[in-house]
Amino acid sequence: MSKLGQSHRDPEHIQAWLIGGGIASISAAVHLISEAQVSGSNIHLLDLHPSLGGGMTPGEIGGTMMDEIRRFENVERPQPQKSALVRALNHGPSGLELVETKSLHIGAKNRLALVNLMLEREATCPRVSKNLRKYLEDIQDLNNVKTLNRTESNLYELIVYPIVTYLKEEDVHFHFNTEVTNLTVYPVADPALVTSLQFLQDGLEHTVSINPTDIVIATLGSTSAGASLGTNQSSPPNLSLNWENEVACDWRFWQRLAQHSPKFGCPNNFLSQGLRSTVETFTTTFHGPDFMVLYEKLTHERPGTGAIITLAESNWAISLSIPRQPVFSSQSRSTNIISGYALRPANEGRFVKKPMYKCSGQEILIEILSFLEFPTLLSTSRTIPYGMPFGTAPFLSRRKGDRPRVIPQDTTNIACIGQFVEIPDDTTLAMEYSVHSAQIAVTELMGLPQPPDEVKKSLLLEVLHLMI
Ligand SMILES: Cc1cc2nc3c(=O)[nH]c(=O)nc-3n(C[C@H](O)[C@H](O)[C@H](O)COP(=O)(O)OP(=O)(O)OC[C@H]3O[C@@H](n4cnc5c(N)ncnc54)[C@H](O)[C@@H]3O)c2cc1C
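This is a predicted model, so every value here is computed, not measured.

A. Up close: the overall build of the protein chain. Along the backbone of the protein chain there are twelve helices and 16 strands. Going through the 468 residues of the protein chain one by one, you find that 37% of them count as buried. In the protein chain, once contacts between residues fewer than 6 apart in sequence are set aside, the share between residues at least 24 apart is 70%.

Encoded structure:
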């Protein structure tokens, strides 16, 4: 029996249907195999996209991602510089200035103000309070960028790729280019069970019956819905054109589910605020060392040592990530890759006089190089912009009930996972939230006795609560 009272399911007699192929769904598959002992061949993973990748076994024999991070921090972090100081770049009276974390003077007074804010807002603004509570443990490190956890290379190769390979080896069925279009529920008035799923694959409609013993785990919505790539010469098409059509299939299933009952949440709350959640990212490949040499000269920091660097007066609200190289295992040693994101791409640039979402990759690089006062490196670089209309949608304002619970009330064989479900005490956006939702889903639907991981609690907070 699980915490919510779901009874134990026999792993040998279930078929598990997982809608979506992101981190939420693939981690649900891992939990089903490793904790609930469901055979991989009884798991079906359906996603709209053509592939998920593959290539190595998970965990490298008993290791965890945290072990990998610690190994990298202790052994591989570029020496002799152990920590970085620069957090932002700013144009001051004497030209471009480095803003060091220590100069921000986040002292005891500011920390106390944060704790006060958290305690004050518990009733009036629980989301602010929840975020502060989750990260309270790190409050002593606000001046210290070296406490950031870093991985050796990109998260896709380190996390998604090995998990997908593991799932393939366990004979999980992958259905790519497949859209789950609808479902039937019973009873219609107040759904408790999913009884069938309809999906569209290669232009053909399929229906699969779902027995009461089977389970459906659905990722709701997607922050990458409607996302599109530009090129060095052109802007991402969906940001300037009508992206609503592109978004439709990633959110349609949730819309259909929500039509059955309000207990499945309200996707339209997030869809109707699309423009407020637009983020534009970009990746630049430099052929040759010039950019990195200039960057080290400017900041006195090696790539990969510091935090994300904010360009303080950027109209587009740009932050740069200058990672340790190579970022991709297949990357040529003569290239360097950097990336960045902008939270206000609709604004006109400071140097390039148009909105970022209308800019080609090359124009975005001109804005950044001009800000940094670097010479033009356009002939030896290529910048690819990526527009995401729903990049920060999990942060959009919402009412109680807009996000469904992982196990919607009085249902027995469906769970909702991902960034748009309600998990008390946890805070959204990073992928750990999606993984947490998957763990809750599997524990509850399979009736596992071991409760899912709890959100970490700060010792400081416990003490404060005892004092007030
Ligand atoms: C710019 C940016 C940077 C980020 N950086 C980080 C970071 O450094 N670290 C971190 O932890 N997190 C980061 N995140 C957040 C992280 O990317 C997300 O939390 C994570 O990808 C969410 O995964 P998911 O599986 O819940 O959803 P998704 O990855 O959106 O997966 C859902 C999948 O379901 C599919 N789908 C939807 N409907 C259907 C249907 N009807 N039929 C079939 N398939 C369907 C979608 O196509 C999609 O593939 C970042 C996010 C952004 C925007």
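B. Structural context of the site of the ligand. Contacts to the ligand come from 31 residues, most closely from Gly20, Gly22, Ala24, Ser222 and Ser434. Among the secondary structure elements, those contributing two or more residues to the shell around the ligand are α1 (23-34), β6 (178-186), α7 (244-260), β11 (279-287) and α11 (431-446). Residues of the shell around the ligand, tallied by class, amount to 13 nonpolar, 15 polar and three charged. Lining the shell around the ligand are residues from two domains, each supplying at least three of them: domain 1 (11-50 + 176-223 + 243-261 + 398-459) and domain 3 (279-388).

C. Structural context of the sheet that holds strand β4 (residues 95-100). Reading across the sheet, the eight strands line up as β4-β3-β12-β13-β14-β11-β15-β10 and stay open at both edges, with mixed pairing between neighbours. Of all the strands in the sheet, just β4 and β10 (228-229) have a single pairing partner and so form its edges. Direction of pairing for strand β12 (residues 309-311) relative to strand β13 (residues 318-321): antiparallel, over a ladder of two bridges. Paired with Thr310 across the bridge in β13 is Ser319. Contacts between helix α10 (residues 361-372) and the sheet are confined to β11, β12, β13 and β15 (381-388), with β15 contributing the most and set at about 105° to the helix.

D. Main features of the nonpolar core. Ranked by internal contacts, the top residues of the largest apolar core, which has 92 residues, are Leu18, Ala28, Ala29, Ile217, Ile417 and Ala441. Sorting elements by how many residues they give to this core places α1 first, with eight residues. Domain assignment of the residues forming this core places at least three in each of domain 1 (11-50 + 176-223 + 243-261 + 398-459) and domain 3 (279-388).

E. Expanded view of the environment of Ile414. Along the polypeptide, Ile414 turns up in strand β16 (residues 414-417). In this structure, the C-alpha to C-alpha distance between Ile414 and Ala16, residues 398 residues apart in sequence, is 10.0 Å. Ignoring anything within four residues of it in the chain, the contact list for Ile414 reads Val194, Val216, Ala218 and Pro408.

F. Seen up close, the packing of α1 against α11. Close contact between α1 and α11 brings their axes to 8 Å; oriented N to C, the two are set at 40°. Looking at the two axes, α1 sits oblique to α11. Crossing hand, α1 versus α11: right-handed. Here Ile23, Ala24, Ser27, Ala28, His31 and Leu32 of α1 lie close against α11, whose contacting residues are Met431, Ser434, Val435, Ser437, Ala438, Gln439, Ala441 and Val442. Residues that form the contact of α1 with α11 fall into these classes: nine nonpolar, five polar and no charged.

G. Representation of the pairing of strand β8 (residues 204-209) within the structure. Burial within β8 is sparse, with just zero of its six residues counted as buried. In the sheet, strand β7 (residues 193-201) pairs with β8 via six bridges, with the strands oriented antiparallel. Counted as the bridge partner of Ser196 is Ser209 from β8. Adjacent in sequence and paired antiparallel, β7 and β8 are bridged by two residues, among which Asp202 carries a positive phi angle near 50°.

H. Local environment of the environment of Gly418. Looking at the secondary structure, you find Gly418 in the loop between β16 and α11. Accessibility expressed as a C-beta count within 10 Å gives 28 for Gly418, which makes it buried. Measuring from C-alpha to C-alpha, the distance between Gly418 and Thr223 comes to 9.9 Å, with 195 residues separating the pair along the chain. Setting aside chain neighbours within four positions, we find Gly418 in contact with Gly20, Ala24, Thr219, Leu220, Gly221, Ser434 and Ser437.

I. The arrangement of α11 in detail. For α11, which comprises 16 residues, the first-to-last C-alpha distance of 23 Å matches the rise-based estimate of 22 Å (1.5 Å per residue) to within 8%. Burial within α11 is extensive, with 14 of its 16 residues counted as buried. Looking one or two residues beyond α11, the residue adopting positive phi is Gly447, at roughly 65°.

J. Fine view of the sheet that holds strand β2 (residues 43-46). Here we have five strands laid out as an open sheet, ordered β5-β2-β1-β9-β16, and parallel in their pairing. At either end of the open sheet lies a strand with only one pairing partner, and these are β5 (173-175) and β16. If you compare each strand with its neighbour and ignore which way they point, the axes differ by 15° on average. The pairing of strand β9 (residues 215-219) with β16 spans four bridges and is parallel. Looking at the pairing, Val216 lines up with Ile414 of β16. Together, β9 and β16 form the strand contacts of α11, whose direction differs from that of β16 by roughly 170°.

K. Broad picture of the environment of His436. As for its position among the elements, His436 is in helix α11. Sequence separation between His436 and Asp453 is 17 residues; the distance between their C-alpha atoms is 7.5 Å. Dropping the residues within four chain positions of it, His436 is found in contact with Ile423, Asp426 and Asp453.

What counts and what doesn't
Residues numbered from 1 in each chain as written. Predicted model: local features only at pLDDT ≥ 70, side-chain atom pairs only at ≥ 80, totals over all residues. Helix = DSSP H or I, 4+ residues; strand = E, 2+ residues; numbered from the N terminus. Buried ≥ 20, exposed ≤ 12 C-beta atoms within 10 Å, placed from the backbone. Contact = placed C-beta atoms within 7 Å. Near = placed C-beta within 6 Å. Nonpolar A, V, L, I, M, F, W, Y, C, P; charged D, E, K, R; others polar. Domains from an automatic or database assignment. Pairing = 2+ DSSP bridges. Axes fitted to C-alpha atoms, helices over the stretch in contact; angles between N-to-C directions. Core = buried A, V, L, I, M, F, W, Y, C linked by C-beta atoms within 7 Å. Parallel < 35°, antiparallel > 145°, perpendicular 65-115°, else oblique. Left-handed = near helix turned anticlockwise from the far one by under 90°. Expected span 1.5 Å × (residues − 1).

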